[in-house]
Amino acid sequence: MDAQRAQEICSSSEMKNVMYNGQAVYIEHVDQGSGQATVHPLDNPSSKQSVSVNELTEQ
């Protein structure tokens with residue numbers, strides 16, 4: 001995924017299916033300059049991590 005699409009998903013009011021390493025995640029924030037996104041697993045909102053948007057896939 002690219003940073004622009006990740007930002008679109010993050011800003012959308014609709015829930016999108018986004019995967020990171022085979023796990024469904026929610027995108028909290030996108031830094032388009034660095035290409036990083038703050039995400040957390042859908043089943044564990046307290047487990048936030050920063051990942052490259054290139055590692056995210058939309059299902």
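Residues numbered from 1 in each chain as written. Predicted model: local features only at pLDDT ≥ 70, side-chain atom pairs only at ≥ 80, totals over all residues. Heavy atoms only, no water.

Caption draft 1: Structural context of the overall build of the chain. Helix and strand counts for the chain stand at 1 helix and 5 strands. Ordered by position from the N terminus, the helices and strands of the chain form the series α-β-β-β-β-β. For 59 residues, the compact-globule estimate of 2.2 N^0.38 gives 10 Å, and the C-alpha radius of gyration of the chain, at 10 Å, lies within 12% of that figure. In terms of its C-alpha atoms, the chain occupies a principal-axis envelope of roughly 30 × 20 × 20 Å. (Helix = DSSP H or I, 4+ residues; strand = E, 2+ residues; numbered from the N terminus. Rg over C-alpha atoms; globule rule 2.2 N^0.38 Å.)

Caption draft 2: Highlighting the sheet that holds strand β5 (residues 56-58). If you walk across this open sheet you meet the 5 strands as β4-β3-β2-β1-β5, and the pairing is antiparallel. For this open sheet the edge positions go to β4 (49-52) and β5, each flanked by a neighbour on one side alone. Pairs of neighbouring strands in the sheet enclose a mean axial angle of 50°, with direction left out of account. Across the sheet, helix α1 (residues 3-11) lies against β1 (18-20), β2 (23-31) and β5, angled at about 100° from β2, the strand it touches most. (Pairing = 2+ DSSP bridges. Axes fitted to C-alpha atoms, helices over the stretch in contact; angles between N-to-C directions. Contact = heavy atoms within 4.5 Å.)

Caption draft 3: Fine view of the nonpolar core. Counting 14 residues, the largest nonpolar core has I27, V30, A37, V39 and L56 as its most contacted members. For this core, the secondary-structure elements that each account for two or more residues are α1, β1, β2 and β3 (36-41). Here this core gets 4 residues from one element, more than from any other, and that element is α1. When neighbours within four sequence positions are excluded, V30 is seen to be in contact with A3, A6, Q7, C10, Q36, A37 and V53. (Core = buried A, V, L, I, M, F, W, Y, C linked by side-chain atoms within 4.5 Å. Buried < 20%, exposed > 50% of the residue type's maximum accessible area, 1.4 Å probe, protein only.)

So, to be careful, I would describe these as geometric facts and stop short of saying anything about function.
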